[in-house]
Amino acid sequence: MQNLKVKDFMTYDLTFVFENDTVEEVIEILNKTGLSGVCVVDTDLKVVGFVSEDDIIKACLPSYFNLLQTAAFLPDTNLFIKNLKKIAKEPIGKYATKPVFTVKPGDTLLYVADMIMRKGYKMIPVVDVNNVLLGYVTRVAILQRAINTETPEEVR
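Since the structure is predicted, the reported quantities are computational estimates derived from the model, not experimental observations. (Residues numbered from 1 in each chain as written. Predicted model: local features only at pLDDT ≥ 70, side-chain atom pairs only at ≥ 80, totals over all residues. Heavy atoms only, no water.)

> How should the pattern of salt bridges be read in this particular structure?
Where charged atoms from two side chains of opposite charge come close, those side chains can pair. In this structure the tally under the stated criterion is 5 salt bridges. When the shortest N-O distance is used, the salt bridge between K98 and E19 registers 2.8 Å. Of the two residues, K98 sits in the loop between α4 (77–87) and α5 (109–119) while E19 sits in the loop between β1 (16–18) and α1 (23–33), which places them 79 residues apart along the sequence. We note a salt bridge from E90 to K94, for which the minimum N-O separation is 3.0 Å. (Salt bridge = Lys/Arg side-chain N within 4 Å of Asp/Glu carboxyl O. Helix = DSSP H or I, 4+ residues; strand = E, 2+ residues; numbered from the N terminus.)

Given below as structure tokens:
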């Protein structure tokens with residue numbers, strides 16, 4: 001398993017958005033694709049950010065996440081909806097995580113699995129040496145590859 005490379009289990013998916021795409025457009029893309037996040041790229045398809053469902057929710061209720069650390073607090077649903085509608089036409093680049101953790105096709109499965117566990121990533125962009133988006137590695141892809149890989153004990 002330690003010899004497996006990202007290129008062996010990545011998804012060659014070029015779903016992405018541009019920094020000027022609106023929050024509303026990104027939500028629609030996430031809904032249609034079933035992805036939990038997507039890369040933000042420039043016109044050369046170089047990764048400049050990453051935006052997830054969590055980033056959009058946090059943009060609507062920024063103080064809610066701070067309060068979660070200190071007390072039991074339930075947000076006002078109407079406030080969430082109001083704030084979401086307020087930012088719906090804003091550029092997604094404003095809410096994207098920057099810089100983005102990425103991996104290369106030659107990185108090992110073990111390295112990527114370690115980063116997913118340590119950092120809690122659900123998906124990681126795969127880029128070439130020029131930081132151009134090639135696809136994604138997801139947690140489920142790692143699980144699928146691991147369960148279908150024979151261990152040395154099984155080969156004997």
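> Just to check I follow, could you spell out the pairing of strand β5 (residues 133–138) for this structure?
A regular strand places its side chains so that they alternate between the two faces of the sheet. Within β5, 5 of the 6 residues are buried, which leaves the element mostly enclosed by the surrounding structure. Adjacent in sequence and paired antiparallel, strand β4 (residues 123–127) and β5 are bridged by 5 residues, among which N131 carries a positive phi angle near 70 degrees. (Buried < 20%, exposed > 50% of the residue type's maximum accessible area, 1.4 Å probe, protein only. Pairing = 2+ DSSP bridges.)

> Looking at this structure, I do not really get the layout of surface pockets. What am I missing?
Using a probe with the size of a water molecule, rolled over the atoms, empty space left in the structure can be pinpointed. In this model, the largest pocket occupies a volume close to 390 Å³. Lining the largest pocket we find 19 residues, and of these F50, S52, D55, Y121 and K122 sit closest to its centre. Residue assignment for the lining of the largest pocket shows that the elements contributing at least two residues are β3 (47–52), α2 (53–60) and β4. Taken together, the residues that form the lining of the largest pocket break down as 8 nonpolar, 5 polar and 6 charged. (1 Å grid on protein atoms, 1.4 Å probe; cavity = no way out; pocket = protein on both sides within 12 Å on 5 of 7 lines; lining within 4 Å. Points joined across faces, edges and corners; volume = space filled by probe spheres on them. Nonpolar A, V, L, I, M, F, W, Y, C, P; charged D, E, K, R; others polar.)

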